[in-house]
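Fold and geometry: a report
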Amino acid sequence: MSLIFDKVSYTYSSHEGDVNALSDVSFTLENGELLGVIGHTGSGKSTLLQLMCGLLTPSAGSVVLDGENLSDKKVRQNLFTKVGIAFQYPEQQLFSKTIADDIAFAPRNAKLSEHEVGLRVREAMKIMRLDYENYAAKSPFELSGGEMRRVALAGVMAAKPQLLILDEPTAGLDPSGRYELTTIIDDYHKAGTTTVLVSHSMDNIARLSDKVLVLKDGHTAFYGTPAEVFSHSEVLREMNLGVPQATTFAADLMDLGLPLPADLLTIDALADAIAALFHEQKAEVKHGF
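Residues numbered from 1 in each chain as written. Predicted model: local features only at pLDDT ≥ 70, side-chain atom pairs only at ≥ 80, totals over all residues. Heavy atoms only, no water.

**Structural notes on helix 3 (residues 99–109)**
Among the residues of helix 3, those classed as buried are Ile99, Ala100, Asp102, Ile103, Ala104 and Pro107. Each element contacted by the buried residues of helix 3 is listed here: helix 4 (114–127), helix 5 (132–135) and helix 6 (145–157). Downstream of helix 3 by a residue or two, lysine 111 has a phi angle that is positive, lying close to 65°. (Buried < 20%, exposed > 50% of the residue type's maximum accessible area, 1.4 Å probe, protein only. Helix = DSSP H or I, 4+ residues; strand = E, 2+ residues; numbered from the N terminus. Contact = heavy atoms within 4.5 Å.)

Structure, rendered in structure tokens:
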């Protein structure tokens, strides 16, 4: 599923007058891509997500999802079958007595057969690494925070959205929970689902994204591949967003004279580059250079 923002602006009214939440934002998310969205608080990220899923309509410009303009009311009414969104702390919306019933809510609401509902519950639990036999009959309120988060996201995935929107999905989780969830998101996206990920983790954005959108005060500060966006390291630091840890560490090593590439974004890429340098130096020594 493709998504096109064409010169989108959104203005809302307050007691202090009109406020521009977004101004002239344009980008294209191709089918199967993952778009990482970053920006400080108040930069327009929440407004952007609400425009993507039809909760808001643009004051100017257009939002086009798979060729259909979301300003059309009939198009928005059918979005629940195509777009899945999980705002921050989605586990706060759990309500059923059992995990299986909670995950089944969206497909049942779509009037699917109980057989199809059951299949979708099992599939979503498998994706989220929740063993059906061990978890299905449990209360979601008996689980750890990380498990509750995965149940809530399984409920979104059970609807089989063509566009998955995730707002800070790892917020509040411990390191192991964050790593497991980002791995699941990466696998799910690579299986073919177009995905939008809002995160304050520059490492996750660099590792998972095909494209990155940086918002500042409702405007597009940068848009491009992770390498293109994070090449503006000084400006991003001035915006209090920072860059991936691997990029910072690589810059420190380059200052010490190590000839590393300038576009290293992940720890794995940095480790590979350092290993390649040592192998190269070892070969030079071996051949007497």
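**Things to note about the sheet that holds strand 6 (residues 83–86)**
Pairing is mixed across the open sheet formed by six strands, whose spatial order is 6-7-8-3-9-10. At either end of the open sheet lies a strand with only one pairing partner, and these are strand 6 and strand 10 (219–224). Mean inter-strand twist for the sheet, computed between neighbouring axes without regard to direction, equals 15°. Pairing of strand 6 with strand 7 (residues 163–167) involves four bridges; the strand directions are parallel. For glycine 84, the partnering residue across the bridge sits in strand 7 and is leucine 164. Along the sheet, helix 6 contacts strand 6 and strand 7; its crossing angle with strand 6, the most-contacted strand, is approximately 165°. (Pairing = 2+ DSSP bridges. Axes fitted to C-alpha atoms, helices over the stretch in contact; angles between N-to-C directions.)

**Some words on the sheet that holds strand 4 (residues 60–65)**
Through backbone hydrogen bonds, the strands of a sheet pair up, either in parallel or in antiparallel fashion. If you trace the four strands from one edge of the open sheet to the other, you get 2-1-4-5, paired in antiparallel fashion. Lying at the two open borders of the sheet, with one neighbouring strand each, are strand 2 (17–29) and strand 5 (68–69). Relative to strand 2, strand 1 (residues 3–14) is paired through nine bridges, and the arrangement is antiparallel. Note on strand 2: the bridge partner recorded for tyrosine 10 is leucine 22.

**Some remarks on the layout of surface pockets**
The space that makes up the largest pocket amounts to roughly 780 Å³. Every residue lining the largest pocket is counted, 28 residues in all, and those nearest its centre are Ile85, Phe105, Ala106, Gly155 and Val156. Only strand 6, helix 3 and helix 6 provide two or more residues apiece to the lining of the largest pocket. If one sorts the elements of the lining of the largest pocket by residue count, helix 3 sits on top with six residues. Across the lining of the largest pocket, the residue classes break down as 21 nonpolar, five polar and two charged. (1 Å grid on protein atoms, 1.4 Å probe; cavity = no way out; pocket = protein on both sides within 12 Å on 5 of 7 lines; lining within 4 Å. Points joined across faces, edges and corners; volume = space filled by probe spheres on them. Nonpolar A, V, L, I, M, F, W, Y, C, P; charged D, E, K, R; others polar.)

**Examining the packing of helix 3 against helix 4**
The geometry of helix 3 relative to helix 4 is characterised by a closest axis approach of 9 Å and an angle of 120° between their N-to-C directions. Considered as vectors, helix 3 and helix 4 are oriented oblique to each other. The handedness of the crossing between helix 3 and helix 4 is right-handed. Contacts between helix 3 and helix 4 involve Ile99, Ala100, Ile103, Ala104, Pro107 and Arg108 from the first element and Glu114, Val117, Arg120, Val121, Ala124 and Met125 from the second. (Parallel < 35°, antiparallel > 145°, perpendicular 65-115°, else oblique. Left-handed = near helix turned anticlockwise from the far one by under 90°.)

**Re helix 1 (residues 45–52)**
In terms of burial, helix 1 is largely enclosed, as six of its eight residues are buried. Buried residues of helix 1: Lys45, Thr47, Leu48, Leu49, Leu51 and Met52, and no others. Phi for glycine 54, located one or two positions after helix 1, is positive at around 80°.

**Description of the packing of aromatic side chains**
Aromatic rings considered in pairs are described by the distance between their centres and by the relative angle of their planes. Evaluation of the coordinates by the stated rule reveals three aromatic pairs. Arranged with centres 4.7 Å apart and planes meeting at 20°, the rings of phenylalanine 5 and phenylalanine 27 form a pair that is stacked. With phenylalanine 5 in strand 1 and phenylalanine 27 in strand 2, the pair connects residues that are 22 residues apart, well separated along the chain. We note that phenylalanine 5, like phenylalanine 27, is buried. Taken together, a centroid distance of 6.1 Å and an interplanar angle of 45° make the contact between phenylalanine 27 and tyrosine 223 tilted. Remark: tyrosine 223 occurs in strand 10 and phenylalanine 27 occurs in strand 2; sequence separation between them is 196 residues. Among the residues examined, tyrosine 223 registers a relative accessible area of 31% and is labelled partly exposed. (Phe/Tyr/Trp six-rings, centres within 6.5 Å; stacked < 30°, edge-to-face > 60°.)

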